[in-house]
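What the coordinates show
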Amino acid sequence: MRKLPQNRTSNPKAMHRASLTFRMNVLFFSIFLLFSLLIFRLGFLQIVNGDDYVRKLQEKEEVRVNTSVPRGRIFDRYGRILIDNQPENAITYTKMQTTKQAEMLEVANKLAHLIEQPTDKITQRDQLDFWILLNNEEAKAKVTKNEMDEFRDKNEDLEKKEINAEYDRRIRERITDEELAQMTEFELEVLAIYREMMTGYNLSPQIIKGENVTADEFARVSENLTDLPGVNTTTDWKRVRLSPLAVLGRTTVPSKGVPKSDLNHYLARDYSRNDRVGESYFEAQYEEILQGEKSIVKNLTNKKGQVVETVTTYDGEPGKDLVSTIDIELQQKADEILERQLLELKSRGGSELLDRAFMVSMNPKTGELLSISGKKIEKDKETGKPYIVDYSYGTFTTAYEAGSIVKAATVLMGYNEGVITPGTVMLDAPMRIGNITLNTLFNKHGSVMLDDLTALERSSNVYMFKIAMGVGGRTYSPGMRFSLPKGTLQTMRNEYAQFGLGVPTGIDLPGEAIGYQADPDTDVKLLNLAIGQFDTYTPMQMVQYISTIANGGYRIQPRMLKEIRKPSKDGENLGQVVDEVTPTILNRIENTDAEIKHVQEGLRRVYFGSRGAARKQFETAKYTAAGKTGTAQVVYYGPQKEKYGTDTINVVHVGYAPFEDPEIAYAIIYPWATTNFSDSNYLSHGNVTAREFLDAYFELKQKYAEEGLSASKVEKPIIKDSDEKLEETDEVKTVTE
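From a predicted model like this one, the values you see are computed outputs, not experimental measurements. Per chain, the residues get numbers from 1 upward, laid out in the order the sequence is written. Predicted model: local features are reported for residues with pLDDT of at least 70 only, side-chain atom pairs are reported and counted for 80 or more only, and whole-chain, interface and lining totals are derived from all residues. Values shown for side chains rest on all heavy atoms present in the structure; no hydrogens or waters enter the calculation.

From N to C terminus, the chain includes 24 helices and 24 strands. Its C-alpha atoms give the chain a radius of gyration of 37 Å, more than 25% over the compact-globule value 27 Å for 737 residues. For the chain, the spread of C-alpha atoms along the three principal axes comes to 145 × 100 × 70 Å. Residue exposure (1.4 Å probe, protein chains only): buried if accessible area is under 20% of the type maximum, exposed if over 50%, otherwise partly exposed. Per-residue burial for the chain yields a buried fraction of 48% across its 737 residues. Accessible surface, the chain: about 37400 Å² in total, of which carbon and sulfur atoms supply 50%. Positive and negative side-chain charges in the chain, numbering 94 and 108 respectively, have mean positions lying 7 Å apart. Helix and strand labels come from DSSP, where a helix needs a run of H or I of at least four residues and a strand needs a run of E of at least two; each type is numbered from the N terminus. Only C-alpha atoms enter the radius of gyration; for comparison, a globular chain is expected to reach 2.2 Å times N to the power 0.38, where N is the number of residues. Surface accessibility follows the Shrake-Rupley procedure with a 1.4 Å probe radius. Residue values consider only the protein chains on display as shielding. In this tally, Lys and Arg are treated as positive and Asp and Glu as negative; His is ignored, and so are the chain termini. Charged side chains are reduced to one point each, which is NZ for Lys, CZ for Arg, CG for Asp and CD for Glu.

Rendered as structure tokens:
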């Protein structure tokens, strides 16, 4: 019988081979996919993200270290040094990631034999920790295991670190004063060195001794560096102030480092915790320009992760120099005049509240601050004797009622709001509003017709009251019941804000105040705003205000920075200009040129008019000028709390010169000048100060012209004309009798 052919698929061997082939194909295809994904991934990492990973690797290998590069110097507008750097010997210590505590203690012990380390910074906690380090077994014996087991059983919810903290606390608590007193002077020196080492950070040099390092100490340490791993002798830089001007600011010292309040800000910018930083005013404002760039090093490690070599990849760079707008010689003249006049006013009766005075000057066309003077009388806590300190920062951090100096703005407000026009005549006579009588100082009982220029020249209060009433849509009538629309106050404040009164000036210094604005409890009090006796303004706002009128209506931002320059190459000439600051116009007031010129004429008459309030002081001047005098009757709320509520007077003065082409504007104020309202002599004090200051300005201008001294020159020699040095911790005091 013939056999039928078998189906191959039914053959077990064939089925096995087919299955094996299929699985091999799947395997090979999977391997192909995996390799394709791997190649794609590698290509993506190398092509797309390659630069990022290289950069991250460099960040791990390369570390910015504090090599104490010189901070940028600060000059006045003519190249005279205001803040300098003084090199000094320093001994530093740098710990590595692998440095052990015992190694640091050994180095500290060796260093203590080579240098004398002050121990005044050692705290009680430092001594306790050091005693534990030196007497480890005795320290452990002070707290038994059973005691801690019992504590652990009672506090099962506590974490291990909290239990350890309690263990450490109990040890320190049981170390006696007698045990601490057994530390020798040498051990305390070792501790003082060791604590400085511990405050440093890995790979960042920490100054162990940076002040008063003697030549012998420097030499001894230098000779023994091979036996002192991590120690180095180097040059550090001390900040030296050649001017007592407080607004220049201060820097921290390495022992203080970065302020805790700004720690995250600086750490995010590659600062170390022990870096010097500007902590106030000009130094703080331009910190990132003044601060040099640290060097960058690459650490080469062995297989154990130990650093075997450190290679410098970037040497670092000193901070850039700043040329300020200040004329330090004019500043010194202003300080001298202000201090003398303050003391003269203080010597009169009724001056028990007077303790400060301010004078600011700036170029009204550029906003460059030429001088910033502030003087304050304080008392020595030990002797009780008065002395004077620099209070220049008070020119923009404190505010006062400005009095009649604001009347030029009030007249311009009247034009702008359609209340008056140039030449408008109004009656100046005592105003009766309800049971209140308002009048002008020079006309308490009579009646006189005044136009706007005469109102400025003679300082009419009534004229200004009527403008304020007109802003609110009211017309004066004797005995009227008085009220103003709700928006009148804000309208007036908006008008004054155009000049910089009651708003930030934009000065390039931190901490600016804008003054105090209260809500009047009666509409009659609102009229006082028109004569500067309600809101408060800073002296910086006052000088910006008068500058706005002087330059034709442009509110210019006041500033202290003139130029940024590279460090000097030869020490004889300023470095190359990196950036020159240009004027910033904040706004233009809403008055016509004709209206502004009309008011300028009124201010000129204050100085040279037949009845000008400052004519007596300025009629003999060899230059032209314009300005406005002012007094404000205020209630005292100064530092003497027991005198709160006392009635007193602020003496104020603003002006500019020359009248035809202004190049300097100024504001002067003596807050709380007197409580003796019957003494009229204090009224001229601002005028006298202004005249003396302007005389000094024009004398210096002539002197500079003869010497060929110019602030606009690109190439400037460094002027070294002062041997007096003020260290960062110094406070300039002038003892008064």
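Taking 1.5 Å as the rise per residue, helix H22 (residues 593-608) with 16 residues should run 22 Å; its terminal C-alpha atoms sit 22 Å apart, in good agreement. Among the residues of H22, Glu 595, Ile 596, Val 599, Gln 600, Gly 602, Leu 603, Val 606 and Tyr 607 are the ones counted as buried. Considered in projection along H22, the buried side chains sweep an arc of 155° and stay on one side of the axis. Residues of H22 that are exposed and point over 90 degrees away from its buried face: Ala 594 and Lys 597. The span you would expect from a helix comes to 1.5 Å times its residue count less one. Comment: arc refers to directions from the helix axis out to C-beta atoms.

To form a nonpolar core, buried Ala, Val, Leu, Ile, Met, Phe, Trp, Tyr and Cys residues must be joined to one another through side-chain atoms within 4.5 Å. Ranked by internal contacts, the top residues of the largest apolar core, which has 91 residues, are Leu 369, Met 464, Met 492, Tyr 496, Met 542, Tyr 545 and Met 560. Residue contributions to this core peak at eight residues, all from helix H18 (residues 461-471). Excluding its chain neighbours within four sequence positions, the residues that come into contact with Met 560 are Val 247, Leu 248, Phe 282, Val 323, Ser 324, Thr 325, Ile 326, Leu 369, Ile 372, Asp 508 and Leu 509. Among the nonpolar cores identified, the runner-up in size contains 38 residues, and Ala 614, Tyr 623, Ile 668 and Tyr 697 belong to it. In what follows, residue pairs with any heavy atoms lying within 4.5 Å of each other are defined as contacts.

In this section: the pattern of salt bridges. When a carboxyl oxygen of Asp or Glu is within 4 Å of a side-chain nitrogen of Lys or Arg, the pair counts as a salt bridge. Under the counting rule described, the total for this entry stands at 43 salt bridges. Of the charged contacts, one joins Asp 149 and Arg 152 as a salt bridge, the two residues approaching to 2.8 Å between their closest N and O atoms. With Asp 149 and Arg 152 both in helix H6 (residues 145-154) and three residues apart, this pair spans about one turn of that helix. Looking at Asp 149, the relative accessible area reads 25%, which means it is partly exposed. Judged by relative accessible area, which is 37%, Arg 152 ranks as partly exposed. Taken together, the shared-partner salt bridges in this structure form one network comprising Glu 147, Glu 166, Arg 169, Arg 170, Glu 173 and Arg 174.

For Glu 196, the position within the fold is in helix H9 (residues 185-199). With relative accessibility at 11%, the residue Glu 196 sits in the buried group. Side-chain atoms alone can form a polar contact between residues adjacent in sequence; in general such a contact is a pair of N or O atoms within 3.5 Å, and within protein one must be able to donate a hydrogen while the other accepts it. Side chain to side chain, Glu 196 and Arg 195 meet in a polar contact 3.3 Å long. Not counting the four nearest positions on each side in its chain, Glu 196 is found in contact with Gln 117, Lys 121, Gln 206, Ile 207 and Ile 208.

All right, on to the packing of helix H21 (residues 539-550) against H22 then. Working convention: axes come from line fits to C-alpha atoms, limited for helices to the stretch in contact. Angles between N-to-C directions cover 0 to 180 degrees. Two numbers describe how H21 lies on H22: the axes approach to 9 Å, and their chain directions differ by 115°. Contacts from Ile 546, Ile 549 and Ala 550 in H21 reach Ile 596, Gln 600 and Leu 603 in H22. Residue polarity is assigned by list, with Asp, Glu, Lys and Arg as charged and Ala, Val, Leu, Ile, Met, Phe, Trp, Tyr, Cys and Pro as nonpolar; anything else, Gly included, falls into the polar class. The class makeup of the residues in the contact of H21 with H22 is five nonpolar, one polar and no charged.

Considering the arrangement of structural elements, one finds Leu 37 in helix H1 (residues 12-48). Put simply, Leu 37 and Tyr 545 are 508 residues apart on the chain and 70 Å apart in space, counted from C-alpha to C-alpha.

We now examine the layout of surface pockets. Taken as a whole, the largest pocket spans an internal volume of roughly 950 Å³. Within the residue set of the lining of the largest pocket, elements represented by two or more residues are strand E14 (436-438), helix H17 (452-458), H18, helix H23 (615-618) and strand E20 (626-635). For the lining of the largest pocket, the element with the most residues is E20, which contributes four residues. The class makeup of the residues in the lining of the largest pocket is 10 nonpolar, 18 polar and eight charged. Any residue with an atom within 4 Å of a point lines the site, the site being either a cavity, points on a 1 Å grid over the protein atoms alone where a 1.4 Å probe fits but cannot get out, or a pocket, an open set with protein on both sides within 12 Å along at least 5 of 7 lines. Grid points are joined across faces, edges and corners, and a volume is the space filled by probe spheres set on the points.

Topologically, Thr 252 is positioned in the loop between strand E5 (231-241) and helix H11 (263-267). Thr 252 has contacts with Gly 257, Pro 259, Asp 275, Arg 276, Val 277 and Glu 279, leaving out every residue within four places of it along the chain.

Attention now goes to the packing of aromatic side chains. In summary, the pairing rule links any two rings of Phe, Tyr or Trp, Trp by its six-membered ring, whose centres are within 6.5 Å, and it sorts them by plane angle into stacked for under 30 degrees, edge-to-face for over 60 and tilted for everything else. Scanning the model with the defined rule gives 18 aromatic pairs in all. A ring pair is formed by Tyr 400 and Trp 672, whose centres lie 5.7 Å apart and whose planes are at 75°; its orientation type is edge-to-face. Separated by 272 residues along the polypeptide, Tyr 400 in the loop between helix H15 (394-397) and helix H16 (407-416) and Trp 672 in strand E22 (residues 664-674) bring together distant segments of the chain. Like Trp 672, Tyr 400 is buried. Between Tyr 623 and Phe 698, the ring centres sit 4.6 Å apart and the planes meet at 20°, which makes this aromatic pair stacked. With Tyr 623 in the loop between H23 and E20 and Phe 698 in helix H24 (residues 685-707), the pair connects residues that are 75 residues apart, well separated along the chain. Accessibility classification places Tyr 623 together with Phe 698 in one group, the buried group. Definition used: whenever NZ (Lys) or CZ (Arg) falls within 6 Å of the ring centre and also within 35 degrees of the ring normal, the charge is taken to sit over that ring. Taking NZ or CZ as reference, Arg 77 lies 5.9 Å from the ring centre of Tyr 78, over its face. Over the ring of Tyr 391 we find Lys 376, and its NZ or CZ is 4.8 Å from the ring centre.

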